[in-house]
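Spelled out, the chains give:
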Amino acid sequence: MKSKHSNERKQWWMYPLTMLYRLWQLFVAVPVILLLSIITALTVTIGCTLGNGHFWGYWPARLWAWTVVRVLLLPVKVEGREHLERSQSYVFVANHQGAFDIFLIYGFLHRNFKWMMKHQLRRMPLIGTACAAAHHIFVDKRGASKVKETYDQARETLREGMSLAVFPEGARTFTGHMGHFRRGAFMLADELQLPVVPMTINGSFNVMPRMRDMHFVTWHPLRLTIHKPIPPIAQGKENVLHAEEQSYQTIMNALVPEYQGFVENPDQ
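In what follows, the accompanying structure is described.

Criteria and thresholds
- Residues numbered from 1 in each chain as written.
- Predicted model: local features only at pLDDT ≥ 70, side-chain atom pairs only at ≥ 80, totals over all residues.
- Heavy atoms only, no water.
- Phe/Tyr/Trp six-rings, centres within 6.5 Å; stacked < 30°, edge-to-face > 60°.
- Helix = DSSP H or I, 4+ residues; strand = E, 2+ residues; numbered from the N terminus.
- Buried < 20%, exposed > 50% of the residue type's maximum accessible area, 1.4 Å probe, protein only.
- Salt bridge = Lys/Arg side-chain N within 4 Å of Asp/Glu carboxyl O.
- Patch = residues over 30% accessible without salt bridge, like charges linked within 9 Å, V, L, I, M, F, W, Y side chains within 5 Å.
- Areas by Shrake-Rupley, 256 points an atom, 1.4 Å probe, with all protein chains shown as cover.
- Core = buried A, V, L, I, M, F, W, Y, C linked by side-chain atoms within 4.5 Å.
- Contact = heavy atoms within 4.5 Å.
- Polar contact = N/O pair within 3.5 Å; in protein donor to acceptor, adjacent residues only side chain to side chain.

Another aspect to go through is the packing of aromatic side chains. One pass over the structure, following the stated rule, counts 14 aromatic pairs. Note on Trp 64 and Phe 103: the rings are 5.1 Å apart at their centroids and 65° apart in plane angle, and the pair reads as edge-to-face. Of the two residues, Trp 64 is situated in helix H3 (residues 59-71) and Phe 103 in helix H4 (residues 100-108); the sequence distance between them amounts to 39 residues. Phe 103 shares its class with Trp 64; the two are buried. Each ring, one from Phe 181 and one from Phe 186, has its centre 6.1 Å from the other, and the planes form 25°; the classification is stacked. Taking the relative accessible area as the measure of exposure, Phe 181 reaches 9% and is therefore buried. Here a set of aromatic residues connected by ring pairs shows up, and it is made of Tyr 58, Trp 59, Tyr 106, Phe 113, Trp 115 and Phe 167.

This is the structure:
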């Protein structure tokens, strides 16, 4: 009984804090984020059109993502940056817990990279135009020619010395657990003999799961764990399977116990 009463008291004290946090979001965070999103999208689009696409396609967006997380007062912990070499290109692969995965990786990985993203995002007002101008890669599976075009673009980006960030699940989780990995990113890494870097995201599902898009953010710490790169062991199917399996298990093992274990994602 004592434990039950203690939990009730805790919930009572949390209620006014939750209300204050929602007021902060409504009157401070949301206006700042909306204004900054518009400015960032325009800056990226104009900058990439007139100047260096690698610079303008990354730095304004990195500042935008960092600010979104900070204005929402979300604590962030990053582990493992020391595993990365400055001049090396990588294929970064991460679990896809929620919308805040984007902000966490963009704002706190501290590496210039291009995203592989769903082609539907190209239709988003301002954001889609900015992503296209920045030469992020839209994954389009509407026919063999579209798939080939997607991978040709990704291949060219990696050959230019840029890194790539991919969510191999292809869709956000409904449960916090991981679904299947798709093989495309690992095949690209194999073709160009690049290391694959697994990254584990914790907390994003608690902040805003996909079932609560466009709702109030829930305060919760975010953690990005950058694991040791997985170098190629050969070239071909064996290397692809090795990188995929090692990445999956590494990411899974670093999830909090609540979200460990495979759960089928019907959206994959």
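Next comes the rest of the description.
Okay, the pattern of salt bridges next. Opposite charge on two side chains lets them pair, provided their charged atoms get close. Taken as a whole, this structure holds 8 salt bridges when the rule is applied. Here Asp 213 ties to Arg 172 by a salt bridge, and the two come within 2.9 Å at their closest N and O atoms. Of this pair, Asp 213 sits in the loop between helix H8 (204-207) and strand E7 (222-226) while Arg 172 is found in the loop between strand E5 (163-166) and helix H7 (184-191), placing the two residues 41 residues apart along the sequence. Of the charged contacts in the structure, one is a salt bridge between Glu 244 and Arg 183, with a shortest N-O distance of 2.8 Å. Placement of Glu 244 in helix H9 (residues 237-253) and of Arg 183 in the loop between E5 and H7 is noted, with a sequence separation of 61 residues between them. Three or more residues are tied together by salt bridges with common partners; here these are Asp 152, Arg 155, Arg 159 and Glu 191.

The next thing to look at is a nonpolar patch on the surface. Residues Met 14, Leu 17, Leu 20, Leu 23, Leu 26, Phe 27 and Phe 216 make up a contiguous nonpolar surface patch of about 700 Å² in total accessible area. Relative to the assigned elements, Met 14 resides in helix H1 (residues 2-50). Residue classification places Met 14 among the partly exposed positions, given a relative accessible area of 41%.

Of all hydrophobic cores here, the largest spans 39 residues; its most connected members are Leu 72, Leu 74, Phe 100, Ile 105 and Met 199. Apart from residues no more than four positions distant in its own chain, Ile 105 is found in contact with Ala 94, Phe 113, Trp 115, Phe 167, Met 199, Ile 201 and Leu 224. If you look at the next biggest cluster of nonpolar residues, it comprises 23 residues, including Val 93, Leu 164, Phe 181 and Phe 186.

This part covers the side chain of Glu 244. Of the residues examined, Glu 244 reaches a relative accessible area of 10% and is grouped as buried. At a separation of 2.8 Å, a polar atom in the side chain of Glu 244 contacts the side chain of Arg 183. With residues up to four places along the chain from it excluded, the contact list for Glu 244 reads Phe 181, Arg 183 and Phe 186.

Read these as layout, nothing more, since geometry by itself doesn't imply function.
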